[in-house]
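# Analysis of the macromolecular model
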Amino acid sequence: MPLALLALAVGAFGIGTTEFVMMGLLPDVADDLHISIPAAGHLVSAYALGVVIGAPLLAAVTARMSRRTVLIGLMVLFVVGNALSAFAPGNGSLLAARFLSGLPHGAFFGVGAVVATAMVPPERKARSVSLMFLGLTVANIAGVPAATLMGQHLGWRATFLAVSVIGLAAIASLALLIPHDHTQAPATGLRGELAALTSLPVWLALGTTVAGFGALFAAYSYVTPMLTDSAGFAEGNVTLLLALFGVGATAGNLLGGRLADHSLRGTLFGGLVSLAAVLALFPLLMRAEWSAAVAVTLLGTAAFVTGSPLQLMVMEKAAAAPSLASSANQAAFNLANAGGAWIGGLALAAGFGVTSPALAGAVLAVLGLGVAGVAHAVDRRREERPSVSAGRVVTSHLPEESGALRP
């Protein structure tokens, strides 16, 4: 694998750290800015909103630029957003800075995935995407806990300064390691990129992402009360258990990349089935500490097995102009985050029990499996339709001796 993938992983590590660290810093930020915890929670939403808006917008406006230049520019924007967060004088300015920090997130992963797959042979494309995503999953094991501890001991502003330094390291890595070849944008430009989003297979792939990762976040958003109220863990042990989720996510990400290079759709179907099964078993697994720890690890593994296949599938469905579609898939991940958390909250509010969000997630995983099945059926039908080649129609599956008309 090219060493340049390390540069993409460093950028992904910084992005993953700044995305998730705010959850652990909410009490500190609220106390320092004299706001309530719910008001501080809007800082998480501001980042997610930046991702959803920035992913397709930045990918579209940079469609004709060198992808190497785009990646470096996105990380510059990332550094600026986090530095402004560190020096924000009040809640309003911090909200704006968090929104700015989220803007480059989706476009970085979207364009980065296109660059990663361009540097490897076709049989290693999914693996290259998984290695870029490795920075994101490792951030949940090391980056987020370390940044949270730094914020608790040195102040939350120090955390965002440290993340800015990670961003500077990513910029240096991108400039040093990403080659100029394999990174030039195609001639399709903005119009071609926008046309990619009109394809039904692309939308079905994006729908699979929303449902599949919505299943994850329906449960993961409420995993702390499950671990404390159902499994009986002390609150101080939750951080360690969330690190186990990161370990599972890292293993699942690497496994999914390797398997998807052999069978893209088979890996996707298998991952969604596994995710549905793990979530359905959550009420049983959360009855004891040891099985709850296993459940959290398996949740990360099953969910992230599908990450690389979903990203690669969107890119393949928009092969003529993959950057915008690939970035839109990152927006879909964040819609899944918000939507899954909302659906899991509905299950809790309805009084179905502390583990009910996991069952709601199992339903979403089955829904994602259904959307993936429809996508497969659509692909099969398109393959069997008459194809136009060199100005004549060739009808598939008709024997030559049938006498069928072939204009």
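None of these values were measured; they are calculated from a predicted model.

## Digging into the overall build of the protein chain
Of the regular secondary structure elements, the protein chain holds 15 helices and two strands. Per-residue burial over the protein chain gives 52% buried out of 407 residues. When contacts within the protein chain are restricted to residue pairs at least 6 apart in sequence, those whose partners lie at least 24 apart make up 82%. Carbon and sulfur atoms make up 69% of the accessible area of the protein chain, which amounts to about 16,800 Å² in all.

## Let's talk about helix H13 (residues 307-317)
Burial runs high along H13: nine of the 11 residues are buried. Those residues of H13 that sit buried are Gly 307, Ser 308, Pro 309, Leu 310, Gln 311, Leu 312, Met 313, Val 314 and Met 315.

## Focus: the packing of aromatic side chains
Counted under the stated rule, the structure contains seven aromatic pairs. Between Phe 213 and Phe 333 the ring centres are 4.6 Å apart and the planes differ by 90°, which places this aromatic pair in the edge-to-face class. Separated by 120 residues along the polypeptide, Phe 213 in helix H8 (residues 200-220) and Phe 333 in helix H14 (residues 322-349) bring together distant segments of the chain. Under the relative-accessibility criterion, Phe 213 is labelled buried at 3%. Phe 333 gets classed as buried once you look at its relative accessible area, which sits at 12%. Note on Tyr 220 and Phe 245: the rings are 4.2 Å apart at their centroids and 25° apart in plane angle, and the pair reads as stacked. Here Tyr 220 is found in helix H8, whereas its partner Phe 245 is found in helix H10 (residues 238-260), with 25 residues between them in sequence. The pair Tyr 220 / Phe 245 is uniform in exposure class, with both members buried. Through successive ring pairs, a cluster of aromatic residues spans Phe 213, Tyr 220, Phe 245, Phe 304 and Phe 333.

## What to know about the environment of Val 144
Take Val 144: it is sitting in helix H5 (residues 125-154). Each C-alpha atom of the pair Val 144 and Phe 20 lies 6.6 Å from the other, and the pair is 124 residues apart in sequence. Setting aside its immediate chain neighbours within four residues, Val 144 contacts Gly 16, Thr 17, Phe 20, Val 21 and Ala 139.

## Focus on the nonpolar core
In globular proteins that are soluble, nonpolar side chains generally tend to be buried together. Leu 216, Leu 227 and Met 286 are the most contacted members of the largest nonpolar core, which has 59 residues in total. Residues within four places of Leu 216 in sequence aside, it is in contact with Phe 245, Leu 299, Ala 303 and Phe 304. Membership of the second largest hydrophobic core comes to 38 residues, among which are Val 79, Ala 113, Val 163 and Leu 174.

## Considerations on unusual backbone geometry
As a rule of thumb, non-glycine residues mostly have phi less than zero, and peptide bonds are mostly trans rather than cis. In this model, His 34 sits at a positive phi of 60°, which is unusual for a non-glycine residue. Along the chain, His 34 turns up in the loop between helix H1 (4-33) and helix H2 (37-61).

## Description of the confidence of the model for the protein chain
When pLDDT is averaged along the protein chain, the result is 84; 89% of the residues meet or exceed 70. Taken element by element, the predicted model of the protein chain shows its lowest mean pLDDT in strand E2 (residues 392-394) (45) and its highest in helix H11 (residues 264-285) (94). Here residues 388-407 scores under 50 on pLDDT; set against residues more than four positions off or in separate chains, the count is 17 contacts.

Conventions we followed
Residues numbered from 1 in each chain as written. Predicted model: local features only at pLDDT ≥ 70, side-chain atom pairs only at ≥ 80, totals over all residues. Heavy atoms only, no water. Helix = DSSP H or I, 4+ residues; strand = E, 2+ residues; numbered from the N terminus. Buried < 20%, exposed > 50% of the residue type's maximum accessible area, 1.4 Å probe, protein only. Contact = heavy atoms within 4.5 Å. Areas by Shrake-Rupley, 256 points an atom, 1.4 Å probe, with all protein chains shown as cover. Phe/Tyr/Trp six-rings, centres within 6.5 Å; stacked < 30°, edge-to-face > 60°. Core = buried A, V, L, I, M, F, W, Y, C linked by side-chain atoms within 4.5 Å. pLDDT = per-residue confidence, 0-100.

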